[in-house]
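Examination of the molecular architecture
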Amino acid sequence: MAKYHITVYGREQICASCVGAPGSKETYEWLQAALNRRYDANDFSYDYIDMDEEPTSEKHRKMIEKMEEEDLFYPLVLLNDEIIAEGIPNAKKIFNAIESS
């Protein structure tokens, strides 16, 4: 069983405040590659949640609602259900969150 669960919420459309940044799906793929290079890949499981599709669970529906109500930027990255990055994720910040959890 994975020690860490990474969830990325995003959309095909790039966040209006993140012009020039990679898309949510590209960020999700980059994050997987970066974490698997730095850490044991078996320690991680991943989910990508498309905000424009019907949520697969109540938890995802609530997070999408929260993102829209609080104007959170996407992609939004969660580590074990805690927000660790939004908009343009910073690798160092994500690594620090993992290492301090």
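Everything below is about the structure printed above this text.
Here is a short report on the structure shown in this document. (Residues numbered from 1 in each chain as written. Predicted model: local features only at pLDDT ≥ 70, side-chain atom pairs only at ≥ 80, totals over all residues. Heavy atoms only, no water.)

1. Observations concerning helix α3 (residues 91–99)
Filter applied, for reference: Categorising residues by exposure relies on relative accessible area from a 1.4 Å probe, with only protein chains included: less than 20% of the type maximum marks a residue as buried, more than 50% marks it as exposed, and the intermediate range marks it as partly exposed. Counting from the N terminus, the helices are DSSP H or I runs at least four residues long and the strands are E runs at least two residues long. When we speak of the arc, we mean the arc of directions from the helix axis to the C-beta atoms. Residues are treated as being in contact if the distance between any of their heavy atoms lies within 4.5 Å. Two N or O atoms form a polar contact when they lie within 3.5 Å of each other; inside protein one atom must be a possible hydrogen donor and the other a possible acceptor, and for residues adjacent in sequence the pair counts only when both atoms belong to side chains.
All buried positions along α3 are accounted for by I94, F95, A97 and I98. Down the axis of α3, the smallest arc covering the buried residues is 160°, so these residues share one side. Exposed residues lying more than 90 degrees from the buried face of α3 are K92 and K93. In this structure, the buried side of α3 is in contact with β1 (4–10), α1 (24–38), β2 (44–50), β3 (76–79) and β4 (82–86). Looking at where α3 begins, the residue whose side-chain oxygen comes 2.9 Å from the main-chain nitrogen of K92 is N90.

2. Points about the nonpolar core
Filter applied, for reference: What is meant by a nonpolar core is a set of buried Ala, Val, Leu, Ile, Met, Phe, Trp, Tyr and Cys residues, joined one to another through side-chain atoms within 4.5 Å.
Ranked by internal contacts, the top residues of the largest apolar core, which has 19 residues, are I6, L35, F44 and I98. Those elements that place two or more of their residues in this core are β1, α1, β2, β3, β4 and α3. Residues Y9, M63, I64 and L76 belong to the second largest nonpolar core, which totals ten residues.

3. Regarding the pairing of β1
Just so we agree on the cut-off: Pairs of strands are assigned from DSSP output, requiring at least two bridges between the strands.
Counting buried positions along β1 gives six out of seven residues, so the element sits mostly inside the fold. Pairing of β1 with β2 involves seven bridges; the strand directions are parallel. Within β2, the position partnered with I6 by the bridge is Y46. Bridge count between β1 and β3: four bridges; the pairing is antiparallel. Note that in β3 the partner of V8 across the bridge is V77.

4. A look at the sheet that holds β1
Selection criterion: Inter-axis angles, ranging from 0 to 180 degrees, are taken between N-to-C directions of lines fitted to C-alpha atoms, where helices are fitted over the stretch in contact.
Pairing is mixed in the open sheet, where four strands are placed in the order β2-β1-β3-β4. A strand with exactly one partner marks an edge of an open sheet, and here the two such strands are β2 and β4. For this sheet the average axis-to-axis angle between neighbouring strands, irrespective of direction, equals 20°. Those strands touched by α1 are β1, β2 and β3, and its axis lies near 175° from that of β2. Contacts from helix α2 (residues 58–69) reach β1, β2, β3 and β4 within the one sheet, and its direction differs from that of β1 by about 50°.

5. Remarks on the side chain of R11
Along the chain, R11 falls in the loop between β1 and α1. Classification of R11 by relative accessible area gives buried; the value is 17%. A polar contact is formed between the side chain of R11 and the side chain of D52, at a distance of 2.7 Å. Excluding anything up to four places from it in sequence, R11 contacts S24, Y48, D50, M51, D52, E68 and Y74.

6. Overview of the packing of aromatic side chains
Put simply, the rule is: Classification of ring pairs uses Phe, Tyr and Trp, with its six-membered ring standing for Trp, and accepts pairs whose centres are within 6.5 Å; under 30 degrees between planes counts as stacked, over 60 as edge-to-face, and the remaining range as tilted. To sit over a ring, a charge needs its Lys NZ or Arg CZ within 6 Å of the ring centre and within 35 degrees of the ring normal.
Counted under the stated rule, the structure contains six aromatic pairs. Consider the rings of Y39 and F44, whose centres lie 5.7 Å apart with planes at 45°: the pair is tilted. Comparing Y39 with F44 shows no difference in burial state: the two are buried. Put simply, the rings of Y4, Y28, Y39, F44, Y46, Y48 and F95 touch in pairs and so form one group of aromatic residues. Over the face of the ring belonging to Y74 we find R11, whose NZ or CZ atom lies 5.5 Å from the ring centre.

Note that every value here comes from positions in space, so none of it alone points to a role or purpose.
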